[in-house]
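One letter stands for each residue in the lines below.
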Amino acid sequence: MSSDIEPELKRLITKILRVITAIIIWSVITIFFGLYLEWALVRGGFNAFNGMFYTWFVISFGALIYYFYRIWSK
């Protein structure tokens, strides 16, 4: 008997790990800019940093969803 993981199970685990890693990296970056630097908080009016953050959020979230689609459609 072989002690290797079956190829299909290995591909599934790799997909799951890629998704989890992407979510963690995206979340850390977004939380850092949004909450730590307070670019997500609109205080007294909408400024350039708010605009940069929300633009980043929408574009990067769309890219993240597209990345998930590409991973799971294979």
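Scroll up a little and you will see the structure.
Every value quoted in this text rests on a predicted model; they were computed, and no experiment measured them.

1. Comments concerning the packing of helix α1 (residues 7-36) against helix α2 (residues 48-73)
- Following both chains from N to C, one finds α1 and α2 inclined at 180°, their axes separated by 11 Å at the closest point. By the angle between their directions, the pair α1 and α2 is classed as roughly antiparallel. Facing L12, K15, I16, R18, V19, A22, I23, W26, I29, T30, F33 and G34 of α1, the residues of α2 in contact are F53, W56, F57, S60, F61, L64, Y67, F68, I71 and W72.
- Classifying every residue of the contact of α1 with α2 gives 17 nonpolar, three polar and two charged.

2. Some words on the pattern of salt bridges
- One pass over the structure, following the stated rule, counts two salt bridges.
- A salt bridge links R11 to E8, with the nearest nitrogen and oxygen atoms 2.8 Å apart. With R11 and E8 both in helix α1 and three residues apart, the pair spans about one turn of that helix.
- When its relative accessible area of 49% is taken as the criterion, R11 is described as partly exposed.
- With a shortest N-O distance of 3.1 Å, E38 and R43 are connected by a salt bridge.

3. Observations regarding the packing of aromatic side chains
- Enumeration over the complete set of coordinates arrives at 11 aromatic pairs.
- Measuring from centroid to centroid gives 6.4 Å for F46 and Y54, while their planes differ by 20°, and the two rings are stacked.
- By relative accessible area, which is 34% here, Y54 ends up partly exposed.
- Relative to F57, the ring of F53 lies with its centre 6.3 Å away and its plane at 35°, an arrangement referred to as tilted.

4. A few points about unusual backbone geometry
- Despite not being glycine, E38 has its phi angle at roughly 60°, a positive value.
- Inspection of the secondary structure assignment puts E38 in the loop between α1 and α2.
- E38 gets classed as partly exposed once you look at its relative accessible area, which sits at 39%.

Cut-offs and rules
Residues numbered from 1 in each chain as written. Predicted model: local features only at pLDDT ≥ 70, side-chain atom pairs only at ≥ 80, totals over all residues. Heavy atoms only, no water. Axes fitted to C-alpha atoms, helices over the stretch in contact; angles between N-to-C directions. Helix = DSSP H or I, 4+ residues; strand = E, 2+ residues; numbered from the N terminus. Parallel < 35°, antiparallel > 145°, perpendicular 65-115°, else oblique. Contact = heavy atoms within 4.5 Å. Nonpolar A, V, L, I, M, F, W, Y, C, P; charged D, E, K, R; others polar. Salt bridge = Lys/Arg side-chain N within 4 Å of Asp/Glu carboxyl O. Buried < 20%, exposed > 50% of the residue type's maximum accessible area, 1.4 Å probe, protein only. Phe/Tyr/Trp six-rings, centres within 6.5 Å; stacked < 30°, edge-to-face > 60°.

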